Amino acid sequence: MPRSLFLLSLIFLIGETTPTPANPFEQVVARIGDRQITEWDLEYTRDRSNGQGDREAWLRTIARDRLGALKAEEAGLPESSPELKWRLWSLENSVGAEAYLANLTKDVSVEESEVRDYYDNNRERFLKQPSFSFQYIFCDTTELKSKADIERFRDQLEIARKKLVDSASPDSSISLEKFSEVAGNCECAGEPKVQSAGPFQLDEPIQDVIKQAALSLQPGQFSPVISTKYGFQIIRLEDRTEASVIMEYEDIKDRIRQFLEGPLKQAKIQNYLEDLKTQTDRYKIHPIQLEHQLPGAHRKKPESPYVVEIGDAKWEPEDFKNFMKTIHRQEWMMSHKIDKASQTTLNRLVIPSLLHLDAQAAGFGEAATEIAKWKNLRDQTLAYYWVMHTANRLASETPQPTTEEYRAYYDQNPGKFTIPERYRVRWILAPLSSATDTERSPADIEFEYRDLEAAMAQLHSEVLGETTPTAVLEKWREEIPGLEEKTDWLYRGGQLSKETWEKIGLDTRGWLEGTYRTQEGVILVEILDSQESFKKPFSTDQVAITNPVKLERKARIVRKTWENLEEEAWKELVRVGN
């Protein structure tokens, strides 16, 4: 039945009473095409997103992946793509394995006293770092070509910001529903994104402009409309912790227990996996046939039509080679010798297959949670391959970038084509004797630094005025073991400490005053030459321009394909019940 007719028939069924299952998580909440979406699916997606977002956001994600999977199957991708075929096989083969291994280690535990001792002896490890979280409205402008459209979208967000500021006092929260209500009135390229984000620690890799805007606020305050890499954004800081504090034992004890039990559980799992390797009555690797899958000439005729036999499964050469070359390509390409190939085959095919058989025999993989996980992982994989397949086709149909596009990228990204100022320096290094010795105390290392600084200060006085420090170095090598000299071009800001760079001016020549500490030891620095910062000339022949422009265009196509898939799925979604 065509999907449209099927959906039409579902519309007439919506009003009927849906039987309530014994397990509430099995309740069907929606359908897309002929596929159901249950509470299990929502629970899995919530866990997958670490609780970020809300029920509607999780439902959108599931619907998008379900529709993408349907499109991938309609396009015949599982049959036409060996890589996709074997990725799906690997996912199905892993169903139940995680639960089986968890059950295998369920009796592994540590005493409460061990947990407490670890906490008392390692309090410095349980510092709660400064962090921040925020709500935001985001408007994508990557597809816009007109400056007038871009400014209009900015103005729309300015209006939305004013409405939000007027709707709540700084010390009260604003629901995401209120954010969505206000954002819904914004004219934007696609639907504005509304989310909560964080908590983030200060060193997390989020865009600097977003981080700086968030950290400039107090909880409850709104940022101005900020321009990000992909569009405009409004931020409202929700929470911020300023200082590091030691977590309370009761709040952290479960995490400590998991940390201490982790190595014990891993050891038990490793012993089990090693035992599987010895169960040669359950599998057979045919060495001559395996060798025929490797590069080179092979004189011996294979004694078996199969490369590997695992239980009832018999792997023929074509399937075996496709599996290894697509799923474990990098490792397989390094397996030029039969011994290495045998180990790769054992670790990547035999052991996972035996684990799957053991999990099945023990009844794992049949639970609703496992089925939901497999189904969602399968749909995610199919949707991803469909999006990439579609994006590649669209990219191939798109004309080559014009000179104007290259020029615009060149003008908009000056930092990528600017060579920073650099210096040709000579430095003399007196290395720490045991820089990586973790047994040494900070005091021992500090006193060694001081001894080296005293010795290098004397060496410095002898080097000054010399045309070459070679003779001086030869003399001091007996006094300072490992003393070495290096000459190289350094870009400003790199390798040397901030204090050292502050002493370096563009016109500086000669030895800098004083000694400087590095992680390796103590150095003396001489500036031999310098080169001012300059921008490379524009050229459409440069790979530095051509490749990024094409990659940026491809990324936009991929992003837009995902967005279109999500919007189409949301329109086709049929809700069931309340």
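Above this note sits the structure.
Enquirer: Tell me about the packing of helix α17 (residues 403-412) against helix α21 (residues 543-572), and name the residues and values.
Expert: Packing of α17 against α21 brings their axes to within 10 Å, and their N-to-C directions diverge by 95°. As far as their axial angle goes, α21 and α17 are roughly perpendicular. In this structure, α17 uses Glu 405, Tyr 406, Tyr 409 and Tyr 410 to contact α21, whose residues at the interface are Ile 545, Thr 546, Pro 548, Val 549, Lys 550, Glu 552 and Arg 553. Along the lines of polarity and charge, the residues of the contact of α17 with α21 split into six nonpolar, one polar and four charged.

Enquirer: Provide a residue-level description of the sheet that holds strand β19 (residues 574-575), including the pertinent values.
Expert: In spatial order, the strands read β2-β1-β19; together these three strands make up an open sheet with antiparallel pairing. Bordering the open sheet on either side are β2 (35-38) and β19, each of which pairs with just one other strand. As paired elements, strand β1 (residues 28-32) and β2 share four bridges and run antiparallel to each other. Across the sheet, residue Ile 32 finds its bridge partner in β2, namely Arg 35.

Enquirer: Lay out the sheet that holds strand β6 (residues 226-227) with the relevant residues and their values.
Expert: The strand order across the open sheet built from four strands is β5-β4-β7-β6, with neighbouring strands paired in antiparallel fashion. The open sheet is flanked by β5 (193-201) and β6, the only strands paired with a single partner. Sheet topology places β6 next to strand β7 (residues 231-241); two bridges connect them, and they run antiparallel. Directly across from Ser 227, in β7, lies its bridge partner Phe 232. On top of the sheet, helix α10 (residues 208-215) reaches β4 (131-140), β6 and β7; it is set at about 45° to β7, its chief contact.

Enquirer: Please provide a residue-by-residue account of the packing of helix α11 (residues 249-278) against helix α15 (residues 338-361), values included.
Expert: Where α11 contacts α15, the axes come no closer than 10 Å and their chain directions differ by 100°. Taken together, the axis directions place α11 and α15 in an arrangement best described as roughly perpendicular. Note on element contacts: α15 touches α11 through Leu 346, Asn 347, Ile 351, Leu 354, Leu 355 and Asp 358, opposite Tyr 272, Leu 273, Leu 276 and Lys 277. Looking at the contact of α11 with α15, its residues break down into seven nonpolar, one polar and two charged.

Enquirer: Could you give an account of the nonpolar core, with specific residues and numbers?
Expert: Counting residues in hydrophobic clusters, the biggest one holds 29 residues, and the most contacted among them are Val 308, Ile 310, Trp 315, Phe 320, Leu 349 and Val 350. At the level of elements, α6 (97-104), α11, β9 (283-285), β10 (308-310), α13 (317-327) and α15 are the ones that each hand at least two residues to this core. When neighbours within four sequence positions are excluded, Ile 310 is seen to be in contact with Arg 282, Tyr 283, Trp 315, Leu 349, Val 350, Ser 353 and Leu 354. Core analysis: the next-biggest nonpolar cluster, separate from the first, contains 25 residues, Ile 32, Leu 42, Trp 58 and Trp 386 among them.

Enquirer: Tell me about the packing of aromatic side chains, and name the residues and values.
Expert: Overall, the coordinates contain 19 aromatic pairs when judged by the stated rule. Between Phe 132 and Phe 134, the ring centres sit 6.2 Å apart and the planes meet at 15°, which makes this aromatic pair stacked. On the accessibility criterion, Phe 132 (1% relative accessible area) is buried. Taken together, the ring pairs in this structure connect Trp 86, Trp 89, Trp 315 and Phe 323 into an aromatic cluster. Between the NZ or CZ atom of Arg 407 and the centre of the ring of Phe 538, over which it lies, the distance is 4.7 Å. The aromatic ring of Trp 489 is capped on one face by Arg 422, whose charged end is 4.2 Å from the ring centroid.

Enquirer: Go over the layout of surface pockets with me, naming the residues and quoting the values.
Expert: For the second largest pocket, the calculated volume is near 900 Å³. Going through the elements one at a time, β7, α17 and α21 are the ones with two or more residues in the lining of the second largest pocket. It is α21 that provides the largest number of residues to the lining of the second largest pocket, a total of six residues. Across the lining of the second largest pocket, the residue classes break down as nine nonpolar, seven polar and eight charged.

Enquirer: Describe in detail the side chain of Lys 211, supporting the description with residues and values.
Expert: Mapped onto the elements, Lys 211 comes out in helix α10. Although Lys 211 is buried, it forms no salt bridge, and the closest oppositely charged side chain is Asp 208 at an N-O distance of 4.9 Å. For Lys 211, the residues in contact, after removing those within four places along its chain, are Phe 132, Leu 202, Asp 203, Glu 204 and Ile 206.

Enquirer: How would you explain the side chain of Thr 326 if you had to name every residue and give the values?
Expert: Relative to the assigned elements, Thr 326 resides in helix α13. From its side chain, Thr 326 meets the backbone oxygen of Asn 322 in a polar contact 2.5 Å long. Not counting the four nearest positions on each side in its chain, Thr 326 is found in contact with Pro 82, Glu 83, Trp 86 and Arg 87.

Enquirer: Kindly report on the pattern of salt bridges, identifying the contributing residues and their values.
Expert: Enumeration according to the criterion identifies 40 salt bridges in this entry. Measuring nitrogen to oxygen at the nearest pair gives 2.4 Å for the salt bridge that ties Lys 373 to Glu 98. Pair noted here: Lys 373 is in helix α16 (residues 368-397) and Glu 98 is in helix α6, with a separation of 275 residues, a long-range link. A relative accessible area of 25% places Lys 373 in the partly exposed class. Glu 98 sits in the exposed class, given a relative accessible area of 53%. Note that Arg 378 is salt-bridged to Asp 379, the shortest N-O span being 4.0 Å. A relative accessible area of 22% places Arg 378 in the partly exposed class.

Calculation notes
Residues numbered from 1 in each chain as written. Predicted model: local features only at pLDDT ≥ 70, side-chain atom pairs only at ≥ 80, totals over all residues. Heavy atoms only, no water. Axes fitted to C-alpha atoms, helices over the stretch in contact; angles between N-to-C directions. Helix = DSSP H or I, 4+ residues; strand = E, 2+ residues; numbered from the N terminus. Parallel < 35°, antiparallel > 145°, perpendicular 65-115°, else oblique. Contact = heavy atoms within 4.5 Å. Nonpolar A, V, L, I, M, F, W, Y, C, P; charged D, E, K, R; others polar. Pairing = 2+ DSSP bridges. Core = buried A, V, L, I, M, F, W, Y, C linked by side-chain atoms within 4.5 Å. Buried < 20%, exposed > 50% of the residue type's maximum accessible area, 1.4 Å probe, protein only. Phe/Tyr/Trp six-rings, centres within 6.5 Å; stacked < 30°, edge-to-face > 60°. Lys NZ or Arg CZ within 6 Å of the ring centre and 35° of its normal. 1 Å grid on protein atoms, 1.4 Å probe; cavity = no way out; pocket = protein on both sides within 12 Å on 5 of 7 lines; lining within 4 Å. Points joined across faces, edges and corners; volume = space filled by probe spheres on them. Lys, Arg positive; Asp, Glu negative; His and termini not counted. Salt bridge = Lys/Arg side-chain N within 4 Å of Asp/Glu carboxyl O. Polar contact = N/O pair within 3.5 Å; in protein donor to acceptor, adjacent residues only side chain to side chain.

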